[in-house]
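Structural characterization, general
This is what each chain is made of:
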Amino acid sequence: MIGINDLYSVLTAVVPLYVTMFLAYASVKWWNIFTPEQCAGINRFVAIFAVPLLSFEFVSRINPYKMDLLFLAADGVSKVLILLVLLCWANFSKSGSLDWSITLFSLSTLPNTLVMGIPLLKSIETRTSVLSQLKESRNSCYFDKEKENLKATGEKIGGNCGNEDEVINVIATTPSNQQTAQNVNKIAPDQSQRFKPMVAASVDGEDGTGTCEQTVQTAQKEESSGKVVASEKQGDLEDASIPSSLSSAMLLKILKKVWFKLVRNPNSYSSLLGLSWALISCRWDIKKPQIMENSVTILSSAGLGMAMFSLGLFMALQPRIIACGKKLAFYGMLARFLAGPALMAIASVAVGLRGTTLKVSIVQAALPQGIVPFVFAREYNLHPDVLSTA
């Protein structure tokens, strides 16, 4: 059970962010400080500068050589499973779409580990460690008492009084609970980038049919009605093949658009650079120069606050608090708190996670929605109302 002090440590990390969001909401809703164009500019600043520097700062501080590889494998497997399900839904279901697949992937796989998860999991880890020590102490006292009783009554263990102390000591020193140490600081937020490919395609098609007079003239020229029918059927087949070729062309355009967005997105480079620096720094014990550290932290320290500020601005511009409506909000909660943790639990058990690490993997998957996914959802106009509600 999490105590009051543990809850307070979580609130100290979360409450300031919501104070920032409330100030942003009030500045638009009641004080009329920012215009919609200015709000969009603030969100773009967060997406292009604040969040990438925050990602670099956070990832560069981890120790990749001490990460729990099974934990990372479980996280990767769960994301692959969700991605496969969503892609199948988008391709083979009439109600499926690429846009909603991206949004549902963000909802089910990107929790708020950085802000809420780390202090919460630290509290759980501390509490679990204390409980484990109490249980071991209790078991030790229990076996000591049993040892005294056995000596007093002259009972023998294993048929030999001489080895009584040895057997009891073996039993007393056997750990009753095997505690798996988990450093939650290794759980880097997966701020993967969201995008919305915008492909405009127009199709100008003709059905190949004409007026009755044209049909008669064509029939006279062909000198056979069978040739006309064959020609019309061939034209229909050619028209029927147009959607297939257009689908392939559209898919190619989408892939090109995705690659172009990824190349231009600073968050892609910041994560890779942060991981590269972490590998080098931990391998050869190299520290960042102070001038480099200050240049990064001067903006990265404002990343989360500015992200929440942008969220408050967006909420204030909406006609209602639940911007996406109750139905979509309900579906979003199912994806966030049911589908995501369930698949994470399946993946964790499949790769062999057990004990405290298994519990940590499920708890972090059940955390509220991350802040940064909303920033990119608004940047690419990909269901930001759903992400803001979540």
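Given the structure is predicted, the values throughout are model-derived calculations rather than measurements. (Residues numbered from 1 in each chain as written. Predicted model: local features only at pLDDT ≥ 70, side-chain atom pairs only at ≥ 80, totals over all residues. Heavy atoms only, no water.)

1. Overview of the overall build of the chain
Helices and strands together make up the secondary structure of the chain, namely 16 helices and 0 strands. For the chain, the proportion of contacts with a sequence separation of at least 24, taken over those separated by at least 6, is 82%. Looking at the chain as shown, the accessible area adds up to about 23,200 Å², and 63% of this sits on carbon and sulfur atoms. (Helix = DSSP H or I, 4+ residues; strand = E, 2+ residues; numbered from the N terminus. Contact = heavy atoms within 4.5 Å. Areas by Shrake-Rupley, 256 points an atom, 1.4 Å probe, with all protein chains shown as cover.)

2. Brief notes about the packing of helix 3 (residues 69–92) against helix 4 (residues 98–109)
Where helix 3 meets helix 4, the axes come as close as 9 Å, and the angle between the chain directions of the two elements is 155°. Classed by the angle they form, the pair helix 3 and helix 4 counts as roughly antiparallel. Note on packing geometry: the crossing formed by helix 3 with helix 4 is right-handed. Packed against helix 3, whose contacting residues are K79, I82, L83, L86, W89 and A90, the element helix 4 presents L98, W100, S101, L104, F105, S108 and T109 at the interface. (Axes fitted to C-alpha atoms, helices over the stretch in contact; angles between N-to-C directions. Parallel < 35°, antiparallel > 145°, perpendicular 65-115°, else oblique. Left-handed = near helix turned anticlockwise from the far one by under 90°.)

3. Section: unusual backbone geometry
Even without being glycine, N381 reaches a positive phi, approximately 55°. When you line up the elements, N381 lands in the loop between helix 15 (372–379) and helix 16 (384–389). Within the chain, H383 stands out as a residue other than glycine whose phi angle is a positive 50°. Tracing the chain through its elements places H383 in the loop between helix 15 and helix 16.

4. Description of the UniProt feature "transmembrane region" (unreviewed entry) in the chain
Per the UniProt annotation, the sites labelled "transmembrane region" (unreviewed entry) are residues 7–28, 40–59, 71–92, 98–121, 296–317 and 329–353. The span residues 296–317 shows a helical share of 91% and a strand share of 0%, and its end C-alpha atoms are spaced 31 Å apart. (UniProt positions renumbered as here; feature names shortened; annotations may be inferred.)

5. Brief notes about helix 10 (residues 266–284)
In an α-helix there are 3.6 residues to a turn, and that puts residues three or four apart on one side. Its 19 residues give helix 10 an end-to-end C-alpha distance of 27 Å, which sits within 8% of 27 Å, the value for a rise of 1.5 Å per residue. Buried within helix 10 are the following residues: N267, S268, S270, G274, W277, A278 and S281. The N-capping residue of helix 10, defined by a side-chain oxygen 3.0 Å from the backbone nitrogen of N267, is N265. Positioned one or two residues after helix 10, D285 has a phi angle of 55°, which is positive. (Expected span 1.5 Å × (residues − 1). Buried < 20%, exposed > 50% of the residue type's maximum accessible area, 1.4 Å probe, protein only. Polar contact = N/O pair within 3.5 Å; in protein donor to acceptor, adjacent residues only side chain to side chain.)

6. Description of helix 15
A large share of helix 15 lies buried, amounting to 7 of its 8 residues. Residues V372, P373, F374, V375, F376, A377 and R378 constitute the buried set of helix 15. Residues of helix 15 that are buried make contact with helix 2 (36–59), helix 10, helix 12 (303–317) and helix 16.

7. Some words on a nonpolar patch on the surface
Together, L7, L11, V15, V19, F22, L23, W30, W31 and I33 make up a nonpolar patch on the protein surface, roughly 900 Å² of accessible area in all. Considering the arrangement of structural elements, one finds W30 in the loop between helix 1 (4–29) and helix 2. (Patch = residues over 30% accessible without salt bridge, like charges linked within 9 Å, V, L, I, M, F, W, Y side chains within 5 Å. Salt bridge = Lys/Arg side-chain N within 4 Å of Asp/Glu carboxyl O.)

8. Side note on the pattern of salt bridges
A complete count under the given rule lists 7 salt bridges for this structure. In this structure, the salt-bridge partner of R61 is E293, at a minimum N-O distance of 2.5 Å. One end of the pair, R61, is in the loop between helix 2 and helix 3; the other, E293, is in helix 11 (residues 290–300), with 232 residues separating them in the sequence. Overall, the relative accessible area of 55% leaves R61 in the exposed class. Salt bridges linked by common partners bring E57, R61, K288 and E293 together as one network.

9. Quick notes on the side chain of S78
With respect to the element layout, S78 can be found in helix 3. Residues in contact with S78, not counting those within four places in the same chain, are L343, M344 and A347.

10. Examining the environment of S310
Summarising the element assignment, S310 is placed in helix 12. The class of S310 is buried, set by a relative accessible area of 0%. Between the C-alpha atoms of S310 and R378, which are 68 residues apart in sequence, the distance is 9.5 Å.

11. Observations regarding the environment of S348
Among the secondary structure elements, S348 is positioned in helix 13 (residues 326–351). As a C-alpha pair, S348 and I362 span 14 residues in sequence and 8.3 Å in three-dimensional space. Beyond its immediate chain neighbours, meaning those up to four positions away, S348 contacts A74, L353, R354, L358 and S361.

12. Overview of the confidence of the model for the chain
Any segment with low pLDDT has predicted coordinates that should not be analysed in fine detail. Per-residue pLDDT for the chain has a mean of 74; in total, 66% of the residues score no lower than 70. Ranking the helices and strands of the chain by mean pLDDT puts helix 13 first, with 93, and helix 6 (residues 164–172) last, with 39. Throughout residues 155–246 the model reports pLDDT below 50, and contacts reaching past four residues in sequence, or to other chains, amount to 99 contacts. (pLDDT = per-residue confidence, 0-100.)

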